[in-house]
Amino acid sequence: MGAKLAKAAEVLRMEDGARITVRGWVYRFRDLGEKVFLIVRDSSGIVQAVFSGEAAAKAREADVEASVIVTGVVRSDSRAPGGKEIVGEAVEVVGASKNFPITKDFSREFLLDVRHLWVRSRRMQAVLKIRHTVFGALHEYFRRSGYYEVQAPMFITAAVEGGATLFPVKYVDGSTVYLTQSSQFYLEALIYSLEKVYTIAPSFRAEKSRTRRHLTEFWHCEAEVAWAGLEDIMRVEEELVSYVVERVLDSNQDELKLLGRSTEPLERCKPPFYRVSYDEALEILEGKGFKVAWGEDLGADEERALVEEFDKPVFVHRYPEKAKAFYHKNDPARPEVTLSADLLAPEGYGEIIGGGERIERLEELLEKIKRFGLREEDYEWYVDLRRYGTVPHAGFGLGIDRLVMWVAGLDHIVDAVAFPRTIRRVYP
Ligand code: NSS
């Protein structure tokens, strides 16, 4: 009788006696003399196969991470992972794997050196599946909520988020251009056409600080909405984040378990999120022994201390003018602060979103560009948007890698990405 092709995870749900073929990679190898056990991993999970006699001799050739095609019959065995195993009849080694290098050294640095091989680990597999859900859910949320997906260029000519982290690139004509830090200005132009827009794209920042939450290339989910203010955009952000978290809880229970991620903080992540003003945040921090001079941005340590006080994400709104980029609109009721908000994730993770209301008036924007010591000519087309049918508008940027880091409960952002780029690493 012919054997049916099955995924490892499917085998665990099959009746005893089914004859199947599984294709995958050797995850564990155990030779007990008479019997050889192979645990085979594929994209769906793992399943044990046991071989004796002639088949065992063949199975002995299958080293860890060799690719194999195993055929056999399903049988219940409480000792096998998942309670089922394959009584192997035949095994074909498709690609040998002599001396797979990941054996004892599981240091972060080494695993980054061999990232091209480590992506097949069960841990990375789990993270990548969660990441897959997150990206899908972001698209789903926006498309269901009437947004148009747009694309902005990666080569740009002026800073959105400050010159210090710009990546210069020598352009074909010999001039210097930069890699984008944010698609925001392009999204602002596109709201005059499509009103509600979003994009999911890489952003680049020459971050000189080595931290657990900074990459030099990160995935940025940005949205911009015409006729919207700070309150509106905060509501979009909390809806979006809770939607994504819900989708992960629906789709990735196995992966969260494998990663040892407690789901309780995720289950609590429902709107409304907490809202505190920057001033209130400083008061809370002062009570915890932090001294932040009014006007300074909150650093990672401050954010960590602040979110300890909250059991779900918290918005910090109305940052002082000086702590935020020039495009933020100042609060008419209190011009020394901006209509801005960062969303901080709980459990010590801190900022995952930055956003707020933009300046829509020409004079106000020109005046602020000057006050910030920037060159008006660098922002000509951006300023021009205020000349032709300007509207109040707001938007935000969500760091997807940071969101994945929090949702998966990882302690370093590099573990949220297949091939991370940091200040020290562009390989593999
Ligand atoms: O600098 S942000 O706070 N805001 C902007 O770039 C706005 N121009 C976005 C907008 O309104 N359209 O960055 C947004 C988010 C921030 O909250 C982080 O979650 C993430 O982007 N981010 C990063 N993630 C990883 N690595 C680095 N270096 C990084 N920088 C920002």
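Residues numbered from 1 in each chain as written. Predicted model: local features only at pLDDT ≥ 70, side-chain atom pairs only at ≥ 80, totals over all residues. Heavy atoms only, no water.

## A look at the pairing of strand 3 (residues 35-42)
A regular strand carries its side chains on alternate faces of the sheet.
Stage number 1. The element strand 3 is largely enclosed, with a buried count of seven among its eight residues.
Stage number 2. Bridge count for strand 2 (residues 19-31) against strand 3 is six bridges, and the pairing is antiparallel. Its bridge partner being in strand 3, arginine 30 is matched across the sheet by phenylalanine 37.
Stage number 3. Hairpin connection between strand 2 and strand 3: a loop of three residues separates the two successive antiparallel strands, and glycine 33 in this loop has a positive phi of roughly 85 degrees.
Stage number 4. Alignment of strand 3 against strand 4 (residues 45-52), held across eight bridges, turns out to be antiparallel. Bridge pairing links leucine 38 to alanine 49 in strand 4.
Stage number 5. The antiparallel pairing of strand 3 with strand 4 creates a hairpin that spans two residues between the two strands. (Buried < 20%, exposed > 50% of the residue type's maximum accessible area, 1.4 Å probe, protein only. Helix = DSSP H or I, 4+ residues; strand = E, 2+ residues; numbered from the N terminus. Pairing = 2+ DSSP bridges.)

## Points about the sheet that holds strand 13 (residues 274-277)
Stage number 1. Strands sit in the order 7-11-12-19-18-17-14-13 across an open sheet of eight strands; the sheet is mixed. The open sheet terminates on both sides in strands that have one partner only, identified here as strand 7 (148-149) and strand 13.
Stage number 2. Note: strand 11 (residues 196-204) against strand 12 (residues 217-226), nine bridges, orientation antiparallel. Residue serine 203 lies in a different strand from strand 12, and its bridge partner there is phenylalanine 218.
Stage number 3. Against the sheet, helix 10 (residues 278-287) makes contact with strand 13 and strand 14 (314-317), and its axis sits at roughly 90 degrees relative to strand 13, the strand it touches most.
Stage number 4. Helix 11 (residues 300-307) rests against strand 14, strand 17 (340-345) and strand 18 (350-357) of the sheet, and its axis sits at about 70 degrees to strand 17. (Contact = heavy atoms within 4.5 Å. Axes fitted to C-alpha atoms, helices over the stretch in contact; angles between N-to-C directions.)

## A closer look at the packing of helix 10 against helix 11
If you want to describe how two helices pack, look at the angle between their axes and the distance between the axes.
Stage number 1. Contact geometry of helix 10 with helix 11 gives a least axis separation of 10 Å together with a crossing angle of 85 degrees. Relative to helix 11, helix 10 is oriented roughly perpendicular. Between helix 10 and helix 11, the residues in contact are Ala281, Ile284 and Leu285 and Glu302, Ala305 and Leu306, respectively.
Stage number 2. Per-class residue counts for the contact of helix 10 with helix 11 are five nonpolar, no polar and one charged. (Parallel < 35°, antiparallel > 145°, perpendicular 65-115°, else oblique. Nonpolar A, V, L, I, M, F, W, Y, C, P; charged D, E, K, R; others polar.)

Honestly, that's just the spatial picture; any functional story needs more than this.
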